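Structural overview
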There are 2 protein chains.
Amino acid sequence: MPTAPSTARATARAELTRAILDNASTQLAEVGPAALSVRAIARDLGMASSAVYRYFPSRDALLTALLVEAYDDLGAAVEAADAGVRRGDLRGRLRAIARALRSWAIAHPHQYALAYGSPVPGYAAPQDTVGPARRVPLVLISLLGDAQQSGRRPRGPDRVPAAEKAALAPVLAFVDPPLSPAYGVRGLGVWSALFGHVSLELFGHMHRGVLDPEAHFAAVVDQHAVDLGLT
Amino acid sequence: MPTAPSTARATARAELTRAILDNASTQLAEVGPAALSVRAIARDLGMASSAVYRYFPSRDALLTALLVEAYDDLGAAVEAADAGVRRGDLRGRLRAIARALRSWAIAHPHQYALAYGSPVPGYAAPQDTVGPARRVPLVLISLLGDAQQSGRRPRGPDRVPAAEKAALAPVLAFVDPPLSPAYGVRGLGVWSALFGHVSLELFGHMHRGVLDPEAHFAAVVDQHAVDLGLT
DNA sequence: CAACAAACGAGAGCACTGCTCTTGTTCTTT
DNA sequence: AAAGAACAAGAGCAGTGCTCTCGTTTGTTG
């Protein structure tokens, strides 16, 4: 980010880029990623569709920008939820994090689908998405780090195979001091379970078997807190 | 399914329907659901694109047929895996089921994305998809039913809130005698965790933190077996 | 200040999509 | 054998992402 060059053209460009992004975000929220149309955005903004390409080289680039926005928005929501709970109340923090994730997903289903649904085949996440994408996992890992620091241990696994220890190396090192392999297994398991629940619920796989997904989610999260030794 | 009327036209129709579906399936496997093109299928089959609409009223209808196919294929794979293990070896069965799910998803990423990725907004699953979609959950529930019958109990939750008990009513009744609420909570949690892992892995959210997803998956599944009291 | 160059907006156009309608043919049934 | 339904093909419509060209505006440089 260069510090606003303040030439009329540069500010106009920044404003129009923002306007396009805002309009795209609105359209995304309404019709979803698949139906997002560059031409429709241009029409909304009263400009030629070709002009949009001066600001975003392709529809994919626009979607990538929206993806970053989604990751950041969700990340901020989860971080805020975690920050709203007393540090020592580990179960309360997990509950808050999980609730924030699910609430955000329900409030922004299309953004969630963009971020965690099926990507377009062959889509390689550009470098500028990995930072924002890491925010939610980082909150979770920090929580586990705090739990470990306060002497807690997960309820199993008692022994972690060497292959698995090596496999988890990167994620264990996200926090200092590094997470124990047992917390790594459990933590990633909880991460998968949380996103799995939200995806299954949001994508319509749960409504036939579970009448009250919110109550069920709460029950599962509490069980995770027990499994993680947070209680 | 009417028993083959054997008129030349009827058999021709059946054959062409099958040919379209096969071609669509191939194309789906290659380019994914988003890029599936009715016109491309017609070109491949040497017919006018309008002719395809005599067999499938819309692209959505074709995708629905492919969706049923995917559910059935995955369901069959999981059922076969479960059937290949001695009934009493509950942990072995869970391992086999989980492995079959993940293997199938990796072998058929686009089919998996069609079934468990983000649906097109407003897509209401037609009635003929719910049967096939239920096959995997049913295998899992049957396994838990067997575990319960043999006197096992999950490691928590010890108490299930009334709201949650009511919420799970439908899924508990899928098997006879009905599943205990505790097994319901745990079972759905495992279901979410399995699909959550596969989705996160397949959609590219795991490769930066986990070097060997297979080893990690195995470790998580084994922990689930413990949590479910299968060991 | 003048000249050059870069950035820009608009419009036409290409190749593609899903889908509909019409026209002429083929097969089934009465 | 006649009537009617099913069918294949083609043209056409409305929409898409994206590119190219052509004037115009803006910023930088001699």
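Position numbers for residues count from 1 along each chain, tracking the sequence in the order it is written. Chain letters start at A and ligand numbers start at 1, both assigned in the order the entries are written. The predicted origin of the model limits local features to residues at a pLDDT of at least 70 and limits the giving and counting of side-chain atom pairs to 80 or more, whereas totals for whole chains, interfaces and linings rest on all residues. Side-chain descriptors were evaluated using all non-hydrogen atoms of the structure, hydrogens and water having been removed beforehand.

Right, let's talk about the protein's contact with DNA strand D for a bit. Summary of the distance rule: residues count as near a molecule or strand when at least one heavy atom falls within 4 Å of that molecule or strand. Not every one of the 22 residues close to DNA strand D is listed here, only the nearest: R9, R39 and R59 of chain A together with R13 and S50 of chain B. Protein-adjacent atoms of DNA strand D, using a 4 Å cutoff, are sugar or phosphate at a proportion of 52%. Polar contact is the term for a pair of N or O atoms within 3.5 Å; when the atoms are in protein, one must be able to donate a hydrogen and the other to accept it, and sequence-neighboring residues count only if both atoms are side-chain atoms. A48 of chain B is positioned with one of its backbone polar atoms (N or O) 3.1 Å from a phosphate oxygen of DNA strand D. One nitrogen or oxygen atom from the side chain of Y55 of chain B is found 2.9 Å from a phosphate oxygen belonging to DNA strand D. Helix and strand definitions follow DSSP, with helices as H or I runs of at least four residues and strands as E runs of at least two, each counted in order from the N terminus. Looking at the surface near DNA strand D, the elements with two or more residues in it are helix 1 (8–31), helix 2 (38–45) and helix 3 (49–52) of chain A together with helix 1 (8–31) of chain B. Classes in brief: Ala, Val, Leu, Ile, Met, Phe, Trp, Tyr, Cys and Pro nonpolar; Asp, Glu, Lys and Arg charged; the others, Gly included, polar. Each residue belonging to the surface near DNA strand D can be placed in one class, and the counts come to eight nonpolar, six polar and eight charged.

Another point: the packing of aromatic side chains. All names here are of chain B. Any Phe, Tyr or Trp ring, taking Trp's six-membered ring, that has another such ring centre within 6.5 Å forms a pair; planes under 30 degrees apart are called stacked, those over 60 apart edge-to-face, and the others tilted. Counting across every chain of the model gives twelve aromatic pairs over all chains. Between Y112 and F203, the ring centres sit 6.2 Å apart and the planes meet at 55°, which makes this aromatic pair tilted. In this pair, Y112 is assigned in helix 6 (residues 109–116) and F203 in the loop between helix 11 (181–202) and helix 12 (213–227), connecting sequence segments 91 residues apart. Grouping residues by exposure puts Y112 and F203 together as buried. Taking 6.2 Å as the distance between ring centres and 75° as the angle between the ring planes, the aromatic pair formed by W191 and F195 counts as edge-to-face. In this pair, W191 and F195 are both assigned in helix 11, four residues apart and thus about one turn of the helix distant. Across this residue pair, the class does not change: W191 and F195 are buried. Burial classes: relative accessible area under 20% of the type maximum marks a residue as buried, over 50% as exposed, and values in between as partly exposed (1.4 Å probe, protein chains only).

Below, the discussion takes up the relation of the copies chain B and chain A. Overlaid copies result from least-squares superposition on C-alpha atoms, with residues included only where pLDDT is at least 70 in both. Screw-axis analysis of chain B against chain A gives a translation of 0.0 Å along the axis, an RMSD of 0.0 Å, and a rotation angle of 180°. Such values leave the two copies arranged in the relation of a two-fold axis.

Counting buried residues along helix 6 (residues 109–116) of chain A, seven of its eight residues qualify, which places the element largely inside the surrounding structure. Considering only its buried residues, helix 6 of chain A is in contact with helix 1, helix 4 (59–83), helix 5 (90–107) and helix 10 (181–202) of chain A together with helix 11 of chain B. The contact definition used throughout considers only heavy atoms, calling two residues in contact when any of these lie within 4.5 Å.

A word on the pattern of salt bridges. All names here are of chain A. By definition here, a salt bridge exists when the distance from a side-chain nitrogen of Lys or Arg to a carboxyl oxygen of Asp or Glu is within 4 Å. For the coordinates displayed, the defined rule picks out 22 salt bridges over all chains. Close ionic contact of R102 with E201 constitutes a salt bridge, the shortest N to O distance being 2.9 Å. Taken together, the positions of R102 in helix 5 and E201 in helix 10 put the pair 99 residues apart, joining distant regions of the chain. R102 sits in the buried class, given a relative accessible area of 10%. Among the charged side chains, a salt-bridge network with shared partners connects D82, R87, R93 and D146.

How large an interface is tends to be reported as the accessible area lost when its parts come together. All names here are of chain A. Marked domain ranges trace back to an automatic or database domain assignment. By domain assignment, chain A separates into domain 1 (1–56) and domain 2 (66–227). Of note, the centres of domain 1 and domain 2, computed from C-alpha atoms alone, are 32 Å apart. Of the residues lining the interface, eleven residues belong to domain 1; the matching set on domain 2 comes to five residues. Note on definitions: buried area is the accessible-area loss of two parts on being combined, 1.4 Å probe, summed for both. In total, domain 1 and domain 2 occlude about 660 Å² of area from one another, counting both sides; carbon and sulfur atoms represent 65% of this. Between R18 and E69 there is a salt bridge, with the nearest N and O atoms lying 3.2 Å from each other. There are four residue pairs in polar contact (both at pLDDT 80 or more) connecting domain 1 and domain 2.

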